[in-house]
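# Per-entry structural report
Chain residues, written in single-letter form:
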Amino acid sequence: DQQVKQNSPSLSVQEGRISILNCDYTNSMFDYFLWYKKYPAEGPTFLISISSIKDKNEDGRFTVFLNKSAKHLSLHIVPSQPGDSAVYFCAARSDSWGKLQFGAGTQVVVTP
Amino acid sequence: EAGVTQFPSHSVIEKGQTVTLRCDPISGHDNLYWYRRVMGKEIKFLLHFVKESKQDESGMPNNRFLAERTGGTYSTLKVQPAELEDSGVYFCASRVTGYGYTFGSGTRLTVV
């Protein structure tokens, strides 16, 4: 039972443009959402997060938006840079012990 | 500060054999998690240790998988006997309660 879904397996964007990654979830009990970035042969690294009581969080070029009524969150990267090419995972925290549920990831390719 | 270390980085074994994966968390991190990513799908939770105790092992696929965390330090994940569907990348992560995860680079397990 996959509770976090990333329906776009890949995204190609030109350098300098905006990348928008989407994530949907089904469990209304999730209280915290995170985005991770993963390069080949490396583990996921934390990018940005948002509490369920907020609807937006911004950190430099990265902004995460949360729409609780739609059970949807998105990650905006502006402007996109070649170093942003990676797999991005959406994750949701499902209990107070920190257990995370992940989506399947979106491969982002930023072209010059 | 040393990160989370996993070894081996790759392992190729035959069906029916035994494999042991090891994770060395960041020193002082009481929480240790194992996750697995199979065939480009979502990263799935396997289990969570708090110090040497198993807090949650609800994600362990079956009794062919055995995880231990000796003395609350490093952890091992043994698969015995391995099956084809056990192939994937096994990630370990550690954290201090209340803070974020640090993931290791993963062990890519291939069962042939």
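As shown above, the structure is provided for reference.
Here the structure is a predicted model, which means the values were calculated and not measured.

Conventions used here
Residues numbered from 1 in each chain as written. Chains lettered and ligands numbered in written order. Predicted model: local features only at pLDDT ≥ 70, side-chain atom pairs only at ≥ 80, totals over all residues. Heavy atoms only, no water. Helix = DSSP H or I, 4+ residues; strand = E, 2+ residues; numbered from the N terminus. Rg over C-alpha atoms; globule rule 2.2 N^0.38 Å. Areas by Shrake-Rupley, 256 points an atom, 1.4 Å probe, with all protein chains shown as cover. Lys, Arg positive; Asp, Glu negative; His and termini not counted. Charge placed at Lys NZ, Arg CZ, Asp CG, Glu CD. Buried < 20%, exposed > 50% of the residue type's maximum accessible area, 1.4 Å probe, protein only. Disulfide = S-S within 2.5 Å. Phe/Tyr/Trp six-rings, centres within 6.5 Å; stacked < 30°, edge-to-face > 60°. Lys NZ or Arg CZ within 6 Å of the ring centre and 35° of its normal. Pairing = 2+ DSSP bridges. Axes fitted to C-alpha atoms, helices over the stretch in contact; angles between N-to-C directions.

## Side note on the overall build of chain A
Looking only at helices and strands, one finds 0 helices and 11 strands in chain A. By the compact-globule yardstick of 13 Å for 112 residues, chain A fits well, its C-alpha radius of gyration being 13 Å. Considering only C-alpha atoms, chain A reaches an extent of 40 × 30 × 20 Å along its principal axes. When the accessible surface of chain A is totalled, it reaches about 5500 Å², and 50% of it is carbon and sulfur. Charged side chains in chain A number 11 positive and 10 negative. The centres of these two groups are separated by 2 Å.

## Quick notes on unusual backbone geometry
Note that the residue after Val78 of chain A, namely Pro79 of chain A, is joined by a cis bond; omega there is -10 degrees. One can find Pro79 of chain A in the loop between strand E8 (72-77) and strand E9 (86-93). Note the cis peptide between Phe7 of chain B and Pro8 of chain B, where omega equals 0 degrees. Locating Pro8 of chain B in the fold gives a position in the loop between strand E1 (5-7) and strand E2 (10-13). Residue Lys71 of chain A is not a glycine yet carries a positive backbone phi of 50 degrees. Locating Lys71 of chain A in the fold gives a position in the loop between strand E7 (62-67) and E8. Even without a glycine there, the phi angle at Lys51 of chain B is positive, about 55 degrees. Relative to the assigned elements, Lys51 of chain B resides in the loop between strand E5 (43-50) and strand E6 (53-56). On the basis of relative accessible area, Lys51 of chain B is assigned to the partly exposed category, the value being 42%.

## A few points about the state of the cysteines
Taken as a whole and assessed by the stated rule, the structure comprises 2 disulfides over all chains. Note on cysteine connectivity: Cys23 of chain A is disulfide-linked to Cys90 of chain A, with sulfurs 2.0 Å apart. What sets the handedness of the Cys23 of chain A and Cys90 of chain A disulfide is the S-S torsion sign, and at about -75 degrees it is left-handed. Here the residue Cys23 of chain A occupies a position in strand E3 (residues 19-25), and Cys90 of chain A occupies one in strand E9, the gap between them amounting to 67 residues. Residue classification places Cys23 of chain A among the buried positions, given a relative accessible area of 0%. The disulfide partner of Cys23 of chain B is Cys92 of chain B, and the gap between their sulfur atoms is 1.9 Å.

## Here's the deal with the packing of aromatic side chains
If you walk through the whole model with that rule in mind, you get 16 aromatic pairs over all chains. Pairing Tyr36 of chain A with Phe102 of chain A gives two aromatic rings, centres 5.8 Å apart and planes at 50 degrees, and the pair type is tilted. On the criterion of sequence distance, the pair formed by Tyr36 of chain A in strand E4 (residues 32-38) and Phe102 of chain A in strand E10 (residues 100-102) is long-range, its members being 66 residues apart. Here Tyr36 of chain A falls in the buried class, since its relative accessible area comes to 1%. Under the relative-accessibility criterion, Phe102 of chain A is labelled buried at 2%. Site record: aromatic cluster; members linked through ring pairs are Tyr36, Phe46, Phe89 and Phe102 of chain A together with Tyr33, Tyr35, Phe45, Phe91, Tyr101 and Phe103 of chain B. Sitting over the face of the ring of Tyr74 of chain B, Arg22 of chain B holds its NZ or CZ atom 3.8 Å from the ring centroid.

## A word on the sheet that holds strand E8 (residues 75-79) of chain B
Residue and element names in this part refer to chain B. Overall, antiparallel pairing links the 4 strands, which are arranged E1-E3-E8-E7 in an open sheet. The strands lining the two open edges of the sheet, one partner per strand, are E1 and strand E7 (65-69). Adjacent strand axes in the sheet meet at a mean angle of 15 degrees, parallel and antiparallel pairs treated alike.

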